[in-house]
Amino acid sequence: MTALVWYRNDLRVQDHQALSAALGRDGPVRALYLLCPAQWDAHDVAPIRRWYVLESLRELGTNLGRLGIVLDIVDAGDFAGVPGALADYCRAHGVSALFSTREYPLNERRRDQAVVEALRPLGVELKGFDDAVLVPPRVLRTGQGTPYTVFTPYRRRWDALLAEQPPGMPLTPAPARSTRAVPFDASMIDTALAAIDLPPGLTDGWQAGEKAARKQLDSFVDGPLRHYKRDRDMPSLPGTSLLSTALSAGTLSVKRCFIEADARRASGPEGVTTWISELAWRDFYRQIMANYPRLAWGEPFRPETGLVQWSSHDAHFQAWCEGRTGYPLVDAAMRQLNSTGWMHNRLRMVSAMFLTKNLFIDWRLGERYFMQKLIDGDFAANNGGWQWSASTGTDAAPYFRVFSPVRQSERFDPEGHFIRSQIPELAHLDAKTIHQPWRRPMLAPDYPAPVVALDGVRERVTAAFKAAQDLYKGDTR
DNA sequence: AGCCACTTCTC
DNA sequence: AGAAGTGGC
């Protein structure tokens, strides 16, 4: 009569529906995490993200142990190995019910369908919880019964639903009174950590686990949240929540984020509304991923943009990756990503727009590079953001709306503080020169000249998208 | 969750 | 000259 909590990207004990439901039954509870290193490789999971997951698992094992729950860690290889590994585990431990948090991308759903079939002959009862979003993917539909593909009307319905049915209190796991703490064996974690190729110093400044995540939430909602609307676009400020990592690995529940922010509407209503809107974007892109599985094959949301002839200029792509395009804000952004595993959201838009519109390189190359580097790499959000920048996605930036890396730099880093923090070759330049160092090349001899000029970008992008549209019309006529 | 060219208004 | 508004891409 054992209940099993199968952990994936929901590495916490607090406010965890599947865990609380398992504890609510009679009988013992166990927990399992299946390592899938080959799947991590196939999905381009960044080394720092692997580190974050493994260290969060260590804390999870300890926290579950205090609740009297054993967390086992088993190497399943990849998703294909999961159904067999789970079936073996269920047989070995007499598991009669499996509890998990639902995941929505295609490979994850196929994995879970295969698990359903593998466990059916064993008579294991399966329970899934839509606990990684505030509004589950199939709940909101347009008047035509189709999924929402435009954010603003989605957001309106999403808000209304949460106002009508507010999330209750966060859940606290309640073990039986007789429970005794059990020790946690972390040897699998140490082995897996040893296999990660992590540059020294990369994890400095990051703390894994649900305790650190909770602390980050508390300091955000009582700090930067109040002025979030004003400060969130300035990469030199600590104006954002820094919670994307915790939310993507599930060391924090999105429900708790909503509740804590919602409770502070009186003290800074604009900041709260703006930040909750970011939580809505997160749900929006997850429901897009759930409703349009072809996105998992690398297809653009707008089919006609699949015919755009992107440039394949390897030297330009390398310069972008390494932060030496000659455009200070773009380079500062990429160096922040490379040296910390994280990038400010405004800069994700700036650097993605530069790769896709100025260099005119396929958005999928940028999407992949971000996944390979980001500690918070989330398939739905990353794909959604890249397709927004590339103008290939749902509710994307119109293709003629191109950021100027200079204008963005002047608007969002006016004094050049952020650029100076990332690019030592430019640290001595004044606020006037730092956005366009090529105007005074003698002042920054160690900094690269621009790899491409800025003029004519909009015309070239417009022509390429129009050509793709014509081709598409020709194909389908 | 643009940018730019152009116009009109104001000093 | 510079602010402020407008419309096209």
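Each value, and the rule that gives it
Residues numbered from 1 in each chain as written. Chains lettered and ligands numbered in written order. Predicted model: local features only at pLDDT ≥ 70, side-chain atom pairs only at ≥ 80, totals over all residues. Heavy atoms only, no water. Near = heavy atom within 4 Å. Polar contact = N/O pair within 3.5 Å; in protein donor to acceptor, adjacent residues only side chain to side chain. Pairing = 2+ DSSP bridges. Helix = DSSP H or I, 4+ residues; strand = E, 2+ residues; numbered from the N terminus. Axes fitted to C-alpha atoms, helices over the stretch in contact; angles between N-to-C directions. Contact = heavy atoms within 4.5 Å. Phe/Tyr/Trp six-rings, centres within 6.5 Å; stacked < 30°, edge-to-face > 60°. Buried < 20%, exposed > 50% of the residue type's maximum accessible area, 1.4 Å probe, protein only. Expected span 1.5 Å × (residues − 1). Nonpolar A, V, L, I, M, F, W, Y, C, P; charged D, E, K, R; others polar. Domains from an automatic or database assignment. Buried area = accessible area lost by both parts, 1.4 Å probe.

Brief notes about the protein's contact with DNA strand C
Here is step 1 of the chain: In the region of DNA strand C, the neighbouring residues are Phe-400, Arg-458 and Thr-462.
Here is step 2 of the chain: Counted by atom, the contact set of DNA strand C within 4 Å of the protein is 11% sugar and phosphate.
Here is step 3 of the chain: A distance of 3.0 Å is found between a base nitrogen of DNA strand C and a side-chain nitrogen or oxygen belonging to Arg-458.

A word on the sheet that holds strand β3 (residues 70-75)
Here is step 1 of the chain: As summarised here, the arrangement of the five strands in space is β3-β2-β1-β4-β5, forming an open sheet in which the pairing is parallel. Lying at the two open borders of the sheet, with one neighbouring strand each, are β3 and β5 (125-129). Strand-to-strand twist across the sheet, computed as the mean angle between neighbouring axes with direction ignored, equals 25°.
Here is step 2 of the chain: Of the strand pairs in this sheet, strand β2 (residues 29-35) and β3 are connected by six bridges, and their pairing is parallel. Across the sheet, Ala-31 pairs through a bridge with Leu-71, a residue of β3.
Here is step 3 of the chain: Of the strands in this sheet, β2 and β3 touch helix α7 (residues 187-194), which is tilted by about 35° from β3.

A short note on the packing of aromatic side chains
Here is step 1 of the chain: Inspection of every chain in the model, using the stated rule, returns 25 aromatic pairs.
Here is step 2 of the chain: Arranged with centres 6.0 Å apart and planes meeting at 65°, the rings of Tyr-148 and Tyr-154 form a pair that is edge-to-face.
Here is step 3 of the chain: Its relative accessible area of 2% is what places Tyr-154 among the buried residues.
Here is step 4 of the chain: Both rings, one in Phe-317 and one in Tyr-369, keep their centres 6.5 Å apart while their planes meet at 80°; by these two values the pair is edge-to-face. Pair noted here: Phe-317 is in helix α13 (residues 314-322) and Tyr-369 is in helix α16 (residues 363-373), with a separation of 52 residues, a long-range link.
Here is step 5 of the chain: Judged by its relative accessible area of 12%, Tyr-369 is buried.
Here is step 6 of the chain: Each member of the aromatic cluster is reached from another via a ring pair, and the members are Tyr-148, Phe-151, Tyr-154, Trp-281, Phe-284 and Tyr-285.

Comments concerning helix α15 (residues 345-358)
Here is step 1 of the chain: When the terminal C-alpha atoms of α15 are compared, their 19 Å separation across 14 residues agrees well with the 20 Å that a helix rising 1.5 Å per residue should span.
Here is step 2 of the chain: Burial analysis of α15 places 13 of its 14 residues in the buried class, the great majority of the element.
Here is step 3 of the chain: After α15 finishes, the residue Phe-360 shows a positive phi value of roughly 55°.

Here's the deal with the pairing of strand β4 (residues 95-101)
Here is step 1 of the chain: Across the seven residues of β4, seven count as buried, placing the element largely inside the fold.
Here is step 2 of the chain: By the bridge criterion, four bridges tie strand β1 (residues 2-7) to β4 in an arrangement that is parallel. Paired with Thr-2 across the strands is Val-95, a residue of β4.
Here is step 3 of the chain: Examined bridge by bridge, β4 and β5 share five bridges and lie parallel to one another. Residue pairing across strands places Leu-98 opposite Leu-126, the latter belonging to β5.

Remarks on the protein's contact with DNA strand B
Here is step 1 of the chain: In the vicinity of DNA strand B lie 14 residues, with Trp-281, Arg-401, Val-402, Ser-404 and Arg-411 positioned nearest.
Here is step 2 of the chain: Looking at DNA strand B alone, sugar and phosphate atoms form 55% of those within 4 Å of the protein.
Here is step 3 of the chain: Within the side chain of Arg-411, an N or O atom sits 2.8 Å from a phosphate oxygen of DNA strand B.
Here is step 4 of the chain: Of all the secondary-structure elements, those providing two or more residues to the surface near DNA strand B are α15 and α18 (405-412).
Here is step 5 of the chain: A breakdown of the residues in the surface near DNA strand B according to their chemical character gives six nonpolar, three polar and five charged.

Quick notes on the domain arrangement of chain A
Here is step 1 of the chain: Split into domains, chain A comes out as domain 1 (2-131), domain 2 (133-169 + 210-291) and domain 3 (303-472).
Here is step 2 of the chain: For domain 1 and domain 2, the distance between their C-alpha centres works out to 25 Å.
Here is step 3 of the chain: On the side of domain 2, 20 residues touch domain 1, which itself brings 17 residues to the contact.
Here is step 4 of the chain: Buried surface at the junction of domain 1 and domain 2, both sides included, amounts to about 1,700 Å², of which 47% is carbon and sulfur.

Section: the side chain of Gln-408
Here is step 1 of the chain: You can see Gln-408 is positioned in helix α18.
Here is step 2 of the chain: A relative accessible area of 5% means that Gln-408 is categorised as buried.
Here is step 3 of the chain: At a separation of 2.8 Å, a polar atom in the side chain of Gln-408 contacts the side chain of Arg-346.
Here is step 4 of the chain: Gln-408 has contacts with Leu-329, Arg-346, Val-350, Phe-403 and Asp-413, leaving out every residue within four places of it along the chain.

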